[in-house]
Amino acid sequence: MKVLSEDRTRKLFEKLTKYIGVNVKLLIDRPDGTYCFREKKDRVYYISERLLQLAQTVKPDHLVSAGTCFGKFTKTNKFRLHITALTYIAPYAPFKIWVKSSAEQQFLYGHHVIKSGLGRITENTPKYQGVVINTMSDIPIGFGVVSRSTTECRHADPLATIAFHQADIGEYIRSEDTLV
Amino acid sequence: MDIVNEILEKEQRKTEKYKPITVEKHLELEIDVGTLLASDTNDLDLKSLRSESERDLCLQSLARDNTQLLLNKIWELPTERIDEAIVVRLPTPKTVLPRSKPVPKPKPLTKWQEFAKAKGITKTKKDKLQWDEQLQKWVPLYGFKRTAAEKQKDWLIEVPQHVDPLTDMYEKKSSEKSEKVAKNELQRLKNIARAKKVKIPRVGLPVTSDKASATQLSTAAVLAKASTASLGKFQDKLPKEKEARGKGIHELIPGKERKRRAPIPTPQVEKENNLSLIDRILNKRPKIDMDKAVSKHINEEQIQRSEEKKSMKPPKGKRKAGAQTNFSAKKPKAGKGQRNPGKKTPGRKRR
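Small disclaimer: the values here were computed from a predicted structure and weren't measured. (Residues numbered from 1 in each chain as written. Chains lettered and ligands numbered in written order. Predicted model: local features only at pLDDT ≥ 70, side-chain atom pairs only at ≥ 80, totals over all residues. Heavy atoms only, no water.)

Thoughts on the sheet that holds strand S9 (residues 118-121) of chain A
Residue and element names in this part refer to chain A.
Next up, step 1: Spatially, 6 strands are ordered S8-S12-S11-S10-S7-S9 in an open sheet, and the strand pairing comes out mixed. Where the open sheet ends on each side, the last strands, each with one partner, are strand S8 (113-114) and S9.
Next up, step 2: Packed on one face of the sheet, helix H5 (residues 101-108) meets strand S7 (96-99), S8, strand S10 (130-135), strand S11 (140-146) and strand S12 (161-168) and runs near 80° to S11. (Pairing = 2+ DSSP bridges. Helix = DSSP H or I, 4+ residues; strand = E, 2+ residues; numbered from the N terminus. Contact = heavy atoms within 4.5 Å. Axes fitted to C-alpha atoms, helices over the stretch in contact; angles between N-to-C directions.)

Here it is as structure tokens:
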């Protein structure tokens, strides 16, 4: 488990800010202990300090992962957020999209969200904002990037994409061997 | 008597077929029996050489005479008989043959040879066997039974204090040996390259084909950049230029010292660092949403303009009745029974 370099932590936080905004601070200083980010084989893990100390008792070659994998750094040093970070992002996201039950399956198979599948969207969502996508019963099913602002959404035609798919919980089955 | 005469005549006729062994020459031939060389310096009979009919005969007789003289000389040497063949041992040749190839140039000295010459070091001959104190016997330095003796000595290798206790000392020894062999080989090749005046780059493999590969070019670029007085510290880099990778190039990249692994910060320090980093990132984000501001401004302008238009309509004055044609007036549609009696415009003239 390596400490992230300055450059990499900055990239990680920038990515997280796109989805959660100011609430990134809440990820670091939590009431129930300090959490930190560690990296192993280009994957970033979010673990509490206590758990990290326990993980360090294991031989590094034998340790596969510890904590929650938030995502990984690609070969060209860009950070990619995985679905496994959803539980930590969902409660803090300021902008959300609610998807109709009919379009849920489409999204869970990896397609983008189209206007006809859009249920609700938070007010004043700027264009290209990172959002968390929920079902109509407020269950987070993934996250993505909106392609139109809220006002533009109203005037869009029914088959236009509203949000680009980034990650969905269907990936737990589709790509379970690459998620860690 | 007749029979004897007959035999004698026969013999004479036989010998007359062959020319005599003795040959008369004005000048003696220079004969080197060792190389079977006979040099005839007598004048040639030019007249008979030039004439067509006598030429062949003249040349043949000349050749026969000279060969006869050479063979006479050969027969003068002591003969031996080996396996039913009469053999003559030729003496050492007296004529010196010229060189077929030019004189070889002296080879340039290797690095060690130059150093030894400068220092005055000479080679001391070592014997094959050396007395070994530990084993108390004569041990060969190379060749047969050397490794057996080594094995006897190295039945145990101690791990010294300063070294990691889990290292395999035998493996370490053999790997060191192979490294030495490789180093020696490299130096040998370098000596050859220096002698042949072949240029070898400082880092990386030399260029074999006429075009250098991308890695070789980038290595060369890094080397060139580092060859300044300040070791390339102030050289500009192209915007998308990638740093060269490979063994031995890391030291040459200007300004890139060995990154010492940063000490792992304590949890509190790390937390503070993270929070300050987040603050910096959040501060960098624009506080004013440009698009929103611009669209809001445009919206306000439009509202203002529409209000102005509304307020401008009454002060325009009374309109002349009928002077302006109302282009939006439509022909009243028949059949629907919806005539508009309140309409003031005259409508279309019915023909």
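Focus on a nonpolar patch on the surface
Next up, step 1: Together, Ile169(A), Tyr172(A) and Ile173(A) give the surface a local cluster of nonpolar side chains, amounting to about 300 Å² of exposed area.
Next up, step 2: Topologically, Tyr172(A) is positioned in helix H7 (residues 171-174). (Patch = residues over 30% accessible without salt bridge, like charges linked within 9 Å, V, L, I, M, F, W, Y side chains within 5 Å. Areas by Shrake-Rupley, 256 points an atom, 1.4 Å probe, with all protein chains shown as cover. Salt bridge = Lys/Arg side-chain N within 4 Å of Asp/Glu carboxyl O.)

A short note on the packing of helix H1 (residues 6-20) of chain A against helix H8 (residues 267-284) of chain B
Next up, step 1: H8(B) packs onto H1(A) with a crossing angle of 55° between their chain directions and a minimal axis gap of 10 Å. By the angle between their axes, H1(A) is oblique relative to H8(B). Handedness of the crossing formed by H1(A) with H8(B): right-handed. For the pair H1(A) and H8(B), the contacting residues are Glu6(A), Thr9(A), Arg10(A), Phe13(A), Glu14(A) and Thr17(A) in the first and Asn274(B), Leu277(B), Ile278(B), Arg280(B), Ile281(B) and Leu282(B) in the second.
Next up, step 2: Residue classes in the contact of H1(A) with H8(B) are distributed as 5 nonpolar, 3 polar and 4 charged. (Parallel < 35°, antiparallel > 145°, perpendicular 65-115°, else oblique. Left-handed = near helix turned anticlockwise from the far one by under 90°. Nonpolar A, V, L, I, M, F, W, Y, C, P; charged D, E, K, R; others polar.)

Observations concerning the pattern of salt bridges
Next up, step 1: Following the criterion strictly, the structure yields 21 salt bridges over all chains and no others.
Next up, step 2: Between Glu52(B) and Arg55(B) there is a salt bridge, and its shortest N-O distance comes to 3.7 Å.
Next up, step 3: Look at the salt bridges and you will find they share partners, linking Asp7(A), Arg10(A) and Lys11(A) into a network.

With respect to the environment of Arg89(B)
All names here are of chain B.
Next up, step 1: Looking at the element boundaries, Arg-89 is found in the loop between strand S4 (85-88) and helix H4 (111-119).
Next up, step 2: Taking the C-alpha atoms as reference points, Arg-89 and Val-33, 56 residues apart in sequence, are found 10.0 Å from one another.
Next up, step 3: Residues in contact with Arg-89, not counting those within four places in the same chain, are Leu-77, Pro-78, Glu-80 and Ile-82.
Next up, step 4: There is a polar contact of 2.9 Å between the side chain of Arg-89 and the side chain of Glu-80. (Polar contact = N/O pair within 3.5 Å; in protein donor to acceptor, adjacent residues only side chain to side chain.)

A look at unusual backbone geometry
Residues and elements named next belong to chain A.
Next up, step 1: You will see that Lys-41, though not glycine, has its phi angle at about 55°, which is positive.
Next up, step 2: Within the secondary structure, Lys-41 sits in the loop between strand S3 (33-40) and strand S4 (43-48).
Next up, step 3: Overall, the relative accessible area of 79% leaves Lys-41 in the exposed class.
Next up, step 4: Even without being a glycine, Asp-42 presents a positive backbone phi close to 70°. (Buried < 20%, exposed > 50% of the residue type's maximum accessible area, 1.4 Å probe, protein only.)

Details of the interface of chain B and chain A
Next up, step 1: Taken together, the contact pairs 15 residues of chain B with 20 residues of chain A.
Next up, step 2: Taken over both partners, the interface formed by chain B and chain A buries close to 1,600 Å², and the fraction arising from carbon and sulfur atoms is 69%.
Next up, step 3: Run the count over chain B and chain A and you get 2 salt bridges.
Next up, step 4: A salt bridge links Asp279(B) to Lys25(A), with the nearest nitrogen and oxygen atoms 2.6 Å apart.
Next up, step 5: Broken down by element, the side of chain B that touches chain A gets its largest block of residues, 11 residues, from H8(B).
Next up, step 6: Class assignment of the residues belonging to the side of chain B that touches chain A gives a composition of 7 nonpolar, 1 polar and 7 charged. (Buried area = accessible area lost by both parts, 1.4 Å probe.)

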